[in-house]
Amino acid sequence: MIKVNRDHAGIINTPHGSEIRPLIDRTTSSVTQCSLAEEMLPPGCAVTSHHHREIEEIYYVVSGRGLMTVGDETCEVNAGDAVYVPRGHRHTLSNTGSEPIRLILVCGPAFFYEDQVFEP
C-alpha cells in the first residue's frame, strides 16, 4: 500500500508561481502508469503553455475559477469542473479570480519532467 498525506508531501515551486504537491508519482513511489498531484495557482498567475509527448492529463478544479485553454478551445472553469487534456495538446490555465485555484492533477502514464514541451 502507498499512502501519502498532502500535509507531508514535498512542495515544488513552479516558474509561473504555483505550488505543486506530488502525492503519488514517480518521485514518491514505484508507480509508472498514473500519478496524482495537487496544485495551488495564485490569482493573476497562469500555467506556462505546454504540451506532453506521452502524458494525458485531467485537471480537476477543487476551488477557485479561471480560464482553461486546450488546443484552440478556451472555456471558463470553476470548482467541480474536470478538464481532459489529450497528449500532444497545448494547454494552459489562467487564474482570473481573487482566490487561488486549487487543482487535482491526474496523469497517465505517471508524470515525468522530460515529457513536457513548453510553447513559445
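Placed above this text is the structure.
The residue numbering used here restarts from 1 in each chain and proceeds along that chain's sequence as written. In keeping with the model being predicted, local features are shown solely for residues with a pLDDT of at least 70 and side-chain atom pairs are shown and tallied solely at 80 or more, while totals for entire chains, interfaces and linings include all residues. Processing note: side-chain calculations cover all non-hydrogen atoms of the structure and skip hydrogens and water entirely.

K.L.:
Provide a residue-level description of the environment of Arg26, including the pertinent values.
P.N.:
Helix numbers and strand numbers start at the N terminus; a helix is a DSSP run of H or I with at least 4 residues, a strand a run of E with at least 2. Position of Arg26 among the secondary structure elements: in the loop between β2 (19-24) and β3 (35-41). Expressed as a C-alpha distance, the spacing of Arg26 and Pro109, which sit 83 residues apart in the sequence, is 10.0 Å. Any pair of nitrogen or oxygen atoms within 3.5 Å is treated as a polar contact; in protein, a donor-acceptor pairing is required on top of that, and neighbouring residues in sequence qualify only through side-chain atoms on both sides. A polar contact is formed between the side chain of Arg26 and the backbone oxygen of Ala110, at a distance of 3.0 Å. Of note is the side chain of Arg26, whose polar atom sits 3.4 Å from the backbone oxygen of Phe111.

K.L.:
Which residues make up the nonpolar core, and what values go with them?
P.N.:
Each nonpolar core is a collection of buried residues, namely Ala, Val, Leu, Ile, Met, Phe, Trp, Tyr and Cys, held together in the definition by side-chain atoms within 4.5 Å. In this scheme, a residue with accessible area under 20% of its type's maximum is buried, one over 50% is exposed, and one in between is partly exposed, where area comes from a 1.4 Å probe on protein chains only. Core analysis: the biggest nonpolar cluster contains 16 residues, and Tyr59, Met68, Leu93 and Leu103 have the highest contact counts within it. Among the elements of the structure, β3, β5 (56-63), β6 (65-70), β8 (82-85) and β10 (101-108) are those that each provide at least two residues to this core. The element best represented in this core is β10, accounting for 3 residues. Should any heavy atoms of two residues lie within 4.5 Å, those residues are counted as being in contact. With residues up to four places along the chain from it excluded, the contact list for Leu103 reads Ala37, Glu38, Glu39, Tyr59, Tyr60, Val61 and Leu93.

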